[in-house]
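Close look at the chain arrangement
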Amino acid sequence: EREEAATLFKAWHKELAGQRLTLREVWEAAKKKPGLQVALRAVIREQKGSGPPDAHKLGYWCRSWRFRVLDGLRLFSDQTKTKDGFRWWVDKVPS
């Protein structure tokens with residue numbers, strides 16, 4: 001699980017560096033970025049009876065991994081919710 005999370009952090013940072021996006025926007029962006037899409041689907045696999053992976057399930061996953069540091073990268077979210085939801089991004093952690 002940790003290895004898959006680290007892979008997602010790296011793909012997210014590489015493909016969407018500097019962009020603060022809602023998870024719906026991240027999900028949509030991943031449709032055009034195969035490496036990011038594979039990493040997203042790896043962390044929120046379809047579970048029996050729960051339906052396919054989607055932005056809503058990504059939200060649950062992100063809340064559980066928020067502020068963790070993996071391979072020098074951290075998942076952040078804004079503290080204030082916009083009308084479209086919270087903004088999320090992955091950034092390097094200063095050493």
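Residues numbered from 1 in each chain as written. Predicted model: local features only at pLDDT ≥ 70, side-chain atom pairs only at ≥ 80, totals over all residues. Heavy atoms only, no water.

In this section: the pattern of salt bridges. Under the criterion given, the structure shown has 6 salt bridges. Of the charged contacts in the structure, one is a salt bridge between Lys 10 and Asp 71, with a shortest N-O distance of 3.1 Å. Here the residue Lys 10 occupies a position in helix 1 (residues 2-16), and Asp 71 occupies one in the loop between strand 1 (69-70) and strand 2 (73-77), the gap between them amounting to 61 residues. Among the residues examined, Asp 71 registers a relative accessible area of 55% and is labelled exposed. A salt bridge links Glu 15 to Lys 33; its shortest N-O distance comes to 3.9 Å. Linking Glu 15 in helix 1 with Lys 33 in the loop between helix 2 (23-30) and helix 3 (34-43), this pair joins segments that are 18 residues apart in sequence. (Salt bridge = Lys/Arg side-chain N within 4 Å of Asp/Glu carboxyl O. Helix = DSSP H or I, 4+ residues; strand = E, 2+ residues; numbered from the N terminus. Buried < 20%, exposed > 50% of the residue type's maximum accessible area, 1.4 Å probe, protein only.)

Quick look at the packing of aromatic side chains now. By convention here, two paired aromatic rings are described through the distance between centres and the angle between planes. All told, the structure shown has 4 aromatic pairs when counted by the stated rule. Aromatic pair Trp 61 and Trp 65: ring centres 5.5 Å apart, planes at 20°, arrangement stacked. Within this pair, Trp 61 and its partner Trp 65 are both found in helix 4 (residues 55-65), separated by 4 residues, close to a single helical turn. Judged on exposure class, the residue Trp 61 and its partner Trp 65 are both buried. Seen from their ring centres, Phe 76 and Trp 89 are 5.5 Å apart, and the 10° between their planes marks the pair as stacked. Of this pair, Phe 76 sits in strand 2 while Trp 89 sits in strand 3 (residues 88-92); the two residues are 13 residues apart in sequence, bridging distant segments of the chain. According to the relative accessible area criterion, Trp 89 is buried, its value standing at 12%. Through successive ring pairs, a cluster of aromatic residues spans Phe 9, Trp 61 and Trp 65. Here the guanidinium or amino end of Arg 68 rests over the ring plane of Trp 65, the centre of that ring lying 4.3 Å away. (Phe/Tyr/Trp six-rings, centres within 6.5 Å; stacked < 30°, edge-to-face > 60°. Lys NZ or Arg CZ within 6 Å of the ring centre and 35° of its normal.)

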